[in-house]
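So you can see what is in the structure, the chains are spelled out below.
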Amino acid sequence: MMGAASTLRLRRRMSKTNAGNFFEDFTVGQVIEHATPRTVTEGDRALYGALYPSRFALSSSAEFAAAVGLSPAPVDELIAFHIAFGKTVPDISLNAVANLGYAECRFHRPVTTGDTIRTRSEVIGLKQNSNGRTGVVHVRSTATNQRDDVVIDWVRWVMVNKRDAGSPAPETVVPELSAVVAPEDLVIPEGLDFSAYDHVAAGEPHRAGDYTVGEKIDHVDGVTLTDAEHMLATRLWQNTAKVHFNTEARPDGNRLVYGGHIISLARALSFNGLANAQLVAAINGGSHAAPAFAGDTVYAWSEVLDVADTAAPGVGALRLRLVATKGRDEAMVLRGDDGKYAAGVLLDLDVWVLVPR
Amino acid sequence: MMGAASTLRLRRRMSKTNAGNFFEDFTVGQVIEHATPRTVTEGDRALYGALYPSRFALSSSAEFAAAVGLSPAPVDELIAFHIAFGKTVPDISLNAVANLGYAECRFHRPVTTGDTIRTRSEVIGLKQNSNGRTGVVHVRSTATNQRDDVVIDWVRWVMVNKRDAGSPAPETVVPELSAVVAPEDLVIPEGLDFSAYDHVAAGEPHRAGDYTVGEKIDHVDGVTLTDAEHMLATRLWQNTAKVHFNTEARPDGNRLVYGGHIISLARALSFNGLANAQLVAAINGGSHAAPAFAGDTVYAWSEVLDVADTAAPGVGALRLRLVATKGRDEAMVLRGDDGKYAAGVLLDLDVWVLVPR
Amino acid sequence: MMGAASTLRLRRRMSKTNAGNFFEDFTVGQVIEHATPRTVTEGDRALYGALYPSRFALSSSAEFAAAVGLSPAPVDELIAFHIAFGKTVPDISLNAVANLGYAECRFHRPVTTGDTIRTRSEVIGLKQNSNGRTGVVHVRSTATNQRDDVVIDWVRWVMVNKRDAGSPAPETVVPELSAVVAPEDLVIPEGLDFSAYDHVAAGEPHRAGDYTVGEKIDHVDGVTLTDAEHMLATRLWQNTAKVHFNTEARPDGNRLVYGGHIISLARALSFNGLANAQLVAAINGGSHAAPAFAGDTVYAWSEVLDVADTAAPGVGALRLRLVATKGRDEAMVLRGDDGKYAAGVLLDLDVWVLVPR
């Protein structure tokens, strides 16, 4: 581990600026400690509320959070996720061609204001593509707080450019990943108790048992994207990918919206119909099916994939497919007859959320 | 009250998403507890300062606030108002055709960071329109903090669509409302003391006695609106009205600027000439005379309507007409000869503010 | 001092609004206490991170700050600078034709959340221009915190319109200013200790000794400006100059980007290659070589002008020329053969930064 980190540092010493890592720079087992620990503040909470139409009572109200056993009040899990993820970009995906997927993302404990988040990643898979010019890198990333408690871990895989098409291919290693986090493996925040849950404050009466597998929910509302807003968000997470900020970084002159912006938007829109899905416990997988740009109007719908119990008092879990679309699709169609994503699908995310049961 | 709330919950249970209430869903005496309590943070204060050119010393400086008897430092009253108001939108005005007016709005106590705001509304008036398709709903809304202290209350009335034009009209009830909050009914924040007021820090020398009834003040400065900014603001207050966020929600493809955004902009611009109007104590009434959109440049002027004393040491009150215009009107004309609002008038707000006397 | 302040107050009493000061309103020795003290919050820190791609560990992480001896964690020095500077605008530069330069800016002590900043300025130079219509005003401004400790002081000079071209010229006074703050005059924050500096957290391995005089660093990344973002920033600092906010304030209908926005952008972009330049200790001088507008893509490069030691453990200093450009200039050319700034140069700033040695 130290050896790998030293190698990276050595390479960087050659020029002052960081050009990011290429496929050849990764080796299986390598551990990268990402830069810039980041302290979470009440400012992040407010900005999140300005950027996304989130109204979940637990992250909105310190009183509600305390009443369900969480005090001090946690920030939205996706604030923690975006910060943790952002740290990996300069080392993992600065030269990425595509973000291919996520798996096994679990939220281990709430993050609250004053917590400082660090992230490290271990390379767990490498596979050169047959074109010889790119390869797929799998990393398991782990975010910790200032007490070295794990707060989130997740796997993602990205297609990365090679520096030199002529360099030899590494041994192929493709990790085995779970398609779904098993409900018994979900980590329930310590102290969480929904047994005296306040549905009036939360805004909807639905409990876990009110949802049925296969049910689809049209979240109705739409938000038209602006460049200023997605840049503010992406920068807040210290995500440095050029395509989000620089009109000169893509041939079409558009700023590509950070995929996580769409995740947060869809999650916030899902309040209307899933107001009691107070916490995200896991991301089982996800695909960014199409790019999004300023001017697009984003809607969301959900499909209930599973309903489960947890050991915590009053706490159930829903496994949801959360879909973001460009333009509203009241029919809520994910894929066409050809098996490909339907036109307009931007995001297909598979998550576990915690609800009163 | 519980009965009414239960009815609402029952209706909602039929589908997972909230389609908002229609005219038929309201009955006089009905009390609605609005969802999503919201804790105010220092992030809200900073965002308010980024969104509006506010420079009032009391909400800018904890030192100034403490020196006039308010510690911890309150946030701008309009932060509290917008949050409290936003909570009512999903239940009261999601299907509103128009916001018709405000009355009897009083600020009962300062809101500071850490306070959690809830709002409930009582239906106090119902009148079906002669077209049979819409009706006017009057509600008195009350915002409380985590100690159940009232922080703001106000009346507003909105024109709401009927679900079914054929449904019978309710008995007409139109509440009697005061045209103006009497100066002796203004609530002065406990401890407020302007007797050692620091005019240098506040930025202007004018005291209550320096203003004369009928005097008009051109606040000089203008701000050109952007979509990103009004959406950030409106979302921060958890206001969910579709027309503010979604270019597909209106035939003209424009995002309508939240009326409260214009209120805050006008109030902030009024610093230049009213720098000592440190607190808003009441909103006597108000009309949004015309819609505003990105690209409009908003200016403000004020007319002094009354000057009064209060029982608090050194504290006087000014009743002001605060007018926002699209484009600057140095002549400060409110209405044309036909009695209609002059072209360019966006907002006509009647407020009491507290100033050193 | 009181006499001058009284004169200003008297003049203002004539009309309620502040039209700003003209050249005739300034006298050498005059001291102006600027309005609106401003308390810094965690919201400012978060907004700064949303507005600028800053990743310096010291202002990002309370843990990192504490580990180098600074606890509570300071906010970015430029937050303090912009707030302190913004206060001077209504009195000094509301009628300015041009901001001509900065000198002798030193950061005396860190600013942290909860600190309240005030600024006062002393007029130290006056020179009427030969056209008789404008003059140059030099002011030394001093920002203090709530304990009256100096936090920043600096000199700037601006060209200001005369109210009346016929009024007599004042005696010409042009202050002598240092071209560079001598390294021994840099104020190192009390307690700062880089002897156990964490390069992994900071993101780069380079120490003072790794930089050589004359070395140029291309910071690689670019950010395309939006109107919403620069207005949010400029408003946050309570800077009231009309040209930043109002499309009707300039003949071309553009909103001019506040020069300080470009300073912060360039400083944040310089992370890539100067990640260990944790603190700005002084601004020796600076010019805004060209205006910037929404749609411009801003890049930055630096040139090392000097390397020095300080008395603090492990702390060295770099004197840098920090250049912002519209469009990337990989050749990093400051001036053409004619001695004028090369096309595309927006900012030429001469700063001292503190780095591990």
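Residues numbered from 1 in each chain as written. Chains lettered and ligands numbered in written order. Predicted model: local features only at pLDDT ≥ 70, side-chain atom pairs only at ≥ 80, totals over all residues. Heavy atoms only, no water.

Describing the pairing of strand 11 (residues 315-326) of chain C
A regular strand places its side chains on the two faces of the sheet in alternate fashion. Residues and elements named next belong to chain C. Of all 12 residues in strand 11, 10 are buried, a share of seventy percent or more. Judged from the 11 bridges that link them, strand 10 (residues 297-309) and strand 11 form a sheet pairing that is antiparallel. Bridge pairing in strand 11 places D309 opposite G316. Counted between consecutive antiparallel strands, the loop separating strand 10 from strand 11 contains five residues, among which G314 sits at a positive phi close to 75°. Two elements, strand 11 and strand 12 (residues 345-356), share 11 bridges in a ladder whose sense is antiparallel. Bridge pairing in strand 12 places R319 opposite W352. (Buried < 20%, exposed > 50% of the residue type's maximum accessible area, 1.4 Å probe, protein only. Helix = DSSP H or I, 4+ residues; strand = E, 2+ residues; numbered from the N terminus. Pairing = 2+ DSSP bridges.)

Digging into the pattern of salt bridges
Residues and elements named next belong to chain A. A complete count under the given rule lists 51 salt bridges over all chains for this structure. Of the charged contacts, one joins E42 and R45 as a salt bridge, the two residues approaching to 2.8 Å between their closest N and O atoms. On the criterion of helical spacing, the pair formed by E42 and R45 is a turn pair, its members being three residues apart in helix 2 (residues 42-51). Note on E42: relative accessible area 24%, which makes it partly exposed. With relative accessibility at 15%, the residue R45 sits in the buried group. Taking the shortest distance from any N to any O, the salt bridge between R321 and D348 comes out at 3.0 Å. One end of the pair, R321, is in strand 11 (residues 315-326); the other, D348, is in strand 12 (residues 345-356), with 27 residues separating them in the sequence. By relative accessible area, D348 is classed as buried at 8%. One continuous salt-bridge network, built from bridges that share partners, spans D218, R328 and E330. (Salt bridge = Lys/Arg side-chain N within 4 Å of Asp/Glu carboxyl O.)

Looking at the environment of V137 of chain B
Residue and element names in this part refer to chain B. Within the element layout of this structure, V137 appears in strand 5 (residues 134-144). In sequence terms V137 and V160 are 23 residues apart; their C-alpha atoms lie 7.0 Å from each other. What V137 contacts, discounting residues up to four positions off in sequence, is F23, F26, V123, G125, L126, R156, W157, V158 and V160. (Contact = heavy atoms within 4.5 Å.)

Re the relation of the copies chain C and chain A
In the superposition of chain C on chain A (RMSD 0.0 Å, axial shift 0.0 Å), the rotation amounts to 120°. Taken together, the rotation and translation describe the operation of a three-fold axis. For chain C, the residue whose C-alpha comes nearest the rotation axis is G43 of chain C, separated from it by 2.3 Å. Looking at chain C, a mere 9% of its interface residues are interface residues in chain A too, so the copies touch through different faces. (Least-squares fit on C-alpha atoms with pLDDT ≥ 70 in both.)

Examining helix 7 (residues 227-236) of chain B
All names here are of chain B. Counting buried positions over the 10 residues of helix 7 gives 10, a clear majority of the element. Every buried residue of helix 7 is listed here: D227, A228, E229, H230, M231, L232, A233, T234, R235 and L236. Directly beyond the C-terminal end of helix 7, a positive phi value near 60° is found at Q238.

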